[in-house]
Amino acid sequence: MKRVLTVQDISCLGKCSLTIALPVISALGVETVILPTAVLSTHTMFQNFTCKDLSDQIEPITKHWLSEDVKFDAIYTGYLGTAEQIDQMKELFRQFRGEDTIVFVDPVMADNGKLYPAFDMEYVKKNAELCAAADIIVPNITEAAFMTGMEYKEEYDESYIKEMLSKLNEFGAKISVLTGVSLEPGKTGVMGYDREADDYFVYQNNRIDAAYHGTGDLFSSSCVGEIMKGHSWQDAMRIAADYTAHTIEVTLKNPEKPWYGVDFEATLPELIAAK
């Protein structure tokens, strides 16, 4: 059985980060080891949430794993709340990266043209360094614009996306994928570049007029799980994009009108069966 380490925060209530990554990757038949970077009472769309930073626990935990000779087939990082934690991840990659270990980085820090409130350009620079140490990176267009220094655009053509991928490629990751790419009206999806194969990949599905917290985490977690199942990165991206869109559609039909996350629990059987 493949084993994935995923490093991100955990919200006790809320469907995001580890509360998505752990069940989704596990459901795909992959052992999922977690390293929480912080514990929150709820995710940050709630008011008055509590947060306990766990940066001081990362080194003791990883030292224990090293003493037990723990190995990972993939390391997947999501939201990292501080520059210190990014530096800790670079060291973790060095310690646990085997010859065949896949390092998958989702540099969560921005959306809709803006950085999240807690972050600044120094944090952007640190995330670019983390992406340079990865095999696969999956920033959205906003995150990629900040890291590459390109202008953020809400209206663009394929040449803009290719230029952005070219600049991301300069960081050094084997595969750079942009999420939230819309290349025609009513469509959205991903576009990626494989540096070793010098090949582009585009996948578009129907845009759904809804926004939920945690859908980026659902996409990335699904990708990692599908890659561990043996799918190519292109097929993993396609399956994850379709699954995320389908889960949003199912959530929209829920008469209880959930607002803080998507009903991925209801759609996991379809992800497991996806080909």
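Refer to the structure above for everything that follows.
It should be emphasised that the depicted structure is a prediction, and the values quoted were computed from it without experimental measurement.

Peer 1: Explain the overall build of the protein to me, using residue names and the numbers behind them.
Peer 2: Regarding its fold elements, the protein presents nine helices and eleven strands. Relative to a compact globule of 275 residues, whose C-alpha radius of gyration would be 19 Å, the protein shows 18 Å and is just as compact. Projecting the C-alpha coordinates of the protein onto the three principal axes gives extents of approximately 55 × 45 × 40 Å. In the protein, buried positions account for 51% of the 275 residues. At a minimum sequence separation of 6, the contacts of the protein that also span at least 24 residues come to 66%.

Peer 1: Tell me about the state of the cysteines, and please be specific about residues and values.
Peer 2: A covalent bond between the sulfur atoms of two cysteines is what we call a disulfide. Enumeration over the complete set of coordinates arrives at zero disulfides. The cysteine cysteine 12 is free of any disulfide, with cysteine 51 supplying the nearest cysteine sulfur at 10 Å. Using a relative accessible area of 61% as the deciding quantity, one classes cysteine 12 as exposed. The class for cysteine 51 is exposed, based on a relative accessible area of 51%.

Peer 1: How would you summarise the environment of phenylalanine 219 if you had to cite specific residues and measurements?
Peer 2: Along the chain, phenylalanine 219 falls in helix H7 (residues 215-228). With 199 residues separating them along the chain, phenylalanine 219 and isoleucine 20 place their C-alpha atoms 9.8 Å apart. Every residue in contact with phenylalanine 219, bar those within four places of it in the chain, is listed here: Thr179, Val190, Met237, Ala240, Ala241 and Thr244.

Peer 1: Go over the environment of phenylalanine 201, please, and point to the residues and values.
Peer 2: Along the chain, phenylalanine 201 turns up in strand S11 (residues 199-206). Each residue touching phenylalanine 201, except ones within four places of it in the same chain, is listed here: Val190, Met191, Gly192, Trp233, Gln234 and Met237.

Peer 1: Describe the sheet that holds strand S8 (residues 136-137), naming the residues involved and giving the relevant values.
Peer 2: The sheet built from nine strands is open, its strands ordered S3-S2-S1-S4-S5-S8-S9-S10-S11 with mixed pairing. Two strands bound the open sheet, and with one partner strand each, they are strand S3 (51-53) and S11. By the bridge criterion, six bridges tie strand S9 (residues 175-181) to strand S10 (residues 187-194) in an arrangement that is antiparallel. Across the sheet, the residue bridging to serine 176 is tyrosine 193, located in S10.

Peer 1: Explain the side chain of threonine 62 residue by residue, including any values.
Peer 2: Relative to the elements of secondary structure, threonine 62 occurs in helix H2 (residues 55-67). Judged by relative accessible area, threonine 62 falls into the buried class, the value being 5%. Setting aside residues no more than four positions away along its own chain, threonine 62 makes contact with Leu35, Leu92, Gln95 and Phe96.

Peer 1: Outline the packing of helix H5 (residues 141-148) against helix H6 (residues 158-169), supporting the account with residue identities and numerical values.
Peer 2: Look at H5 against H6: their axes get within 10 Å of each other, and the N-to-C directions meet at 55 degrees. It follows from the interaxial angle that H5 and H6 lie oblique. Like other packed secondary-structure pairs, H5 and H6 cross with a definite hand, here left-handed. Residues Ile141, Ala144, Ala145, Met147 and Thr148 of H5 pack against Tyr160, Ile161, Met164, Lys167 and Leu168 of H6. For the contact of H5 with H6, the per-class residue count stands at eight nonpolar, one polar and one charged.

Peer 1: Talk me through the packing of helix H3 (residues 83-96) against helix H4 (residues 121-132); I want residue IDs and the actual numbers.
Peer 2: Two numbers describe how H3 lies on H4: the axes approach to 9 Å, and their chain directions differ by 10 degrees. In terms of their interaxial angle, H3 and H4 are classed as roughly parallel. On H4, the residues touching Ala83, Ile86, Asp87, Met89, Lys90 and Phe93 of H3 are Tyr123, Lys126, Asn127, Glu129 and Leu130. When its residues are assigned to classes, the contact of H3 with H4 shows six nonpolar, one polar and four charged.

Rules behind the numbers
- Residues numbered from 1 in each chain as written.
- Predicted model: local features only at pLDDT ≥ 70, side-chain atom pairs only at ≥ 80, totals over all residues.
- Heavy atoms only, no water.
- Helix = DSSP H or I, 4+ residues; strand = E, 2+ residues; numbered from the N terminus.
- Rg over C-alpha atoms; globule rule 2.2 N^0.38 Å.
- Buried < 20%, exposed > 50% of the residue type's maximum accessible area, 1.4 Å probe, protein only.
- Contact = heavy atoms within 4.5 Å.
- Disulfide = S-S within 2.5 Å.
- Pairing = 2+ DSSP bridges.
- Axes fitted to C-alpha atoms, helices over the stretch in contact; angles between N-to-C directions.
- Parallel < 35°, antiparallel > 145°, perpendicular 65-115°, else oblique.
- Left-handed = near helix turned anticlockwise from the far one by under 90°.
- Nonpolar A, V, L, I, M, F, W, Y, C, P; charged D, E, K, R; others polar.

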